[in-house]
Amino acid sequence: MIAATPSPWTRELASRMRTLFWLKGLGTTLWVWIFFIGYFHTLRHPVHAVTVMPLTVFDAWVPFLPWALIPYLSLWVYVGVAPGLLRGLRPLLVYGFWAAALCATGLLVFYLWPTQIPPLGVDTNAPGFALLQGIDAAGNACPSMHVAISVFTALWIERTLRHVGAPPWLRSLNALWLAAIGRSTMAVRQHVALDVVGGVVLGGVFGWASLRWSPAEPAATGAERLS
């Protein structure tokens, strides 16, 4: 029996994932850790009056769904995909710069305009929700950084998938993962619809700008393509 030959795009994605693997992993972990320091500081020490975000008709359309905690937490896997698929140190540094700028802008908004969601019905007896409510309180609501970082990540993944010639189903999977994370922020009662809109705008602006002014990725060598 002849073994199936991997398609060029699968070999290319695998090669990209192996490139600078430890630097990508450690860098992403450090970036998330630094962001959380700023996030929780602004959350617990607001310097201005906190604005309660209003509800809209769209909030009534999304019920509380305990299982939505799974896609909600999957963000912390998703954020590693985009840098993990980059080839070369320069694109990785450019990505890190823009990701840091996005997070810094979000934290600046939280500092200048603290927001929180109104009281919403949450079953804290559902697995994981008592811990979530205790760690991530109702503040730092708008824009949703969960959504902003997801949109930013999705745009970079989409560029890479197009570049390597990935099939439409894989690109659709990326879009579905983004949508699942976005919806989950409302379904677990961490955000309201206006927070999600703010996150889409923030992530979209930084995603577009970063891709518009980022250098082209270096092409894979022949040896790398065959690895």
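Residues numbered from 1 in each chain as written. Predicted model: local features only at pLDDT ≥ 70, side-chain atom pairs only at ≥ 80, totals over all residues. Heavy atoms only, no water.

**A short note on the overall build of the chain**
What counts is decided by this rule: Counting from the N terminus, the helices are the DSSP runs of H or I reaching at least four residues and the strands are the DSSP runs of E reaching at least two. Between the two quantities, the radius of gyration covers C-alpha atoms and the globule rule is 2.2 Å times the number of residues to the power 0.38. Each residue is placed in one exposure class: buried if its accessible area under a 1.4 Å probe, protein chains only, is under 20% of its type's maximum, exposed if it is over 50%, and partly exposed if it falls in between. In this description, contact between two residues means that some pair of their heavy atoms is separated by no more than 4.5 Å.
In terms of helices and strands, the chain carries twelve helices and two strands. Helices (α) and strands (β) of the chain occur, in sequence order from the N terminus, as α-α-β-α-α-α-α-α-β-α-α-α-α-α. Taken over C-alpha atoms, the radius of gyration comes to 19 Å for the chain, in line with the 17 Å a tight globule of 227 residues would show. In the chain, which comprises 227 residues, the share counted as buried stands at 47%. Partitioning the contacts of the chain with sequence separation of at least 6, the portion at a separation of at least 24 is 90%.

**A look at unusual backbone geometry**
A cis amide bond, omega 0°, links C142 with the succeeding residue P143. Inspection of the secondary structure assignment puts P143 in the loop between α8 (129–135) and α9 (145–164). Of note, L20 is a non-glycine position whose phi angle comes to about 55°, a positive value. With respect to the helices and strands, the residue L20 is situated in the loop between α1 (8–18) and α2 (21–44). Phi angles above zero are rare outside glycine, and R189 is one such case at about 65°.

**Here we look at the packing of helix α7 (residues 89–112) against helix α11 (residues 193–212)**
Keep this limit in mind: Every axis in this analysis is a line fitted to C-alpha atoms, fitted for helices over the stretch in contact. Angles between the N-to-C directions lie between 0 and 180 degrees. Here the angle decides the label: under 35 degrees means roughly parallel, over 145 means roughly antiparallel, 65 to 115 means roughly perpendicular, and every other value means oblique. Each crossing is labelled by how the near helix is turned from the far one, with a counterclockwise turn of less than a right angle marking it left-handed and a clockwise turn marking it right-handed. Residue classes follow a fixed rule: Ala, Val, Leu, Ile, Met, Phe, Trp, Tyr, Cys and Pro count as nonpolar, while Asp, Glu, Lys and Arg count as charged, and any other residue, Gly among them, counts as polar.
Orientation of α7 relative to α11, taken along the N-to-C sense of each, is 155°, at an axis distance of 10 Å. As judged from the angle between their axes, α7 and α11 are roughly antiparallel. Pair α7 / α11 crosses with right-handed handedness. Across the interface between the two elements, W98, A101, L102, T105 and G106 from α7 touch L202, G203, F206, A209 and S210 from α11. Of the residues assigned to the contact of α7 with α11, the class counts are six nonpolar, four polar and no charged.

**So, the side chain of T153**
Note the cut-off: Nitrogen and oxygen atoms within 3.5 Å of one another constitute a polar contact, given that in protein one can donate a hydrogen and the other can accept it, and given that sequence-neighbouring residues count only through two side-chain atoms.
Within the element layout of this structure, T153 appears in helix α9. Using a relative accessible area of 0% as the deciding quantity, one classes T153 as buried. At 2.8 Å, the side chain of T153 and the backbone oxygen of I149 are in polar contact. Residues in contact with T153, not counting those within four places in the same chain, are Y78, V79, A82 and Y95.

**Let's talk about the state of the cysteines**
Every disulfide links exactly two cysteines, by a covalent bond between their sulfur atoms. Going by this rule: Two cysteine sulfur atoms make up a disulfide if the distance between them is within 2.5 Å.
The final tally for this structure, using the stated rule, is zero disulfides. Free of any disulfide, C103 has its nearest neighbouring cysteine sulfur in C142, separated by 16 Å. On the basis of relative accessible area, C142 is assigned to the buried category, the value being 8%.

**Looking at the nonpolar core**
For the record, the criterion: Take the buried residues of types Ala, Val, Leu, Ile, Met, Phe, Trp, Tyr and Cys, join any two whose side-chain atoms come within 4.5 Å, and each joined set is a nonpolar core.
Formed by 38 residues in total, the largest nonpolar core has its most connected members in I149 and F152. Within the residue set of this core, elements represented by two or more residues are α1, α2, α5 (75–78), α7, α9, α10 (168–187) and α11. Discounting residues that sit within four places of it in the chain, I149 has contacts with W31, L75, V79, L102 and C103.

**Side note on the packing of aromatic side chains**
Formally: For Phe, Tyr and Trp, where Trp contributes only its six-membered ring, two rings pair if their centres lie within 6.5 Å, and the inter-plane angle classes them as stacked under 30 degrees, edge-to-face over 60, or tilted in between. To sit over a ring, a charge needs its Lys NZ or Arg CZ within 6 Å of the ring centre and within 35 degrees of the ring normal.
According to the stated counting rule, one finds 17 aromatic pairs in the structure shown. Here the aromatic rings of Y39 and F40 are separated by 5.3 Å at their centres, their planes lie at 85°, and the arrangement is edge-to-face. F40 shares its class with Y39; the two are buried. Pairwise contacts between aromatic rings join F35, F36, Y39, F40, W76 and F110 into one cluster. Lying across the ring of W156, R159 places its NZ or CZ 4.8 Å from the centre.

**Overview of the environment of V201**
Within the secondary structure, V201 sits in helix α11. Classification of V201 by relative accessible area gives partly exposed; the value is 49%. Measuring from C-alpha to C-alpha, the distance between V201 and G80 comes to 21 Å, with 121 residues separating the pair along the chain.

**Observations regarding the environment of S214**
Inspection of the secondary structure puts S214 in the loop between α11 and α12 (222–226). Here S214 falls in the buried class, since its relative accessible area comes to 14%. Residues within four places of S214 in sequence aside, it is in contact with V94, W156 and R159. A polar contact is formed between the side chain of S214 and the side chain of R159, at a distance of 3.0 Å.

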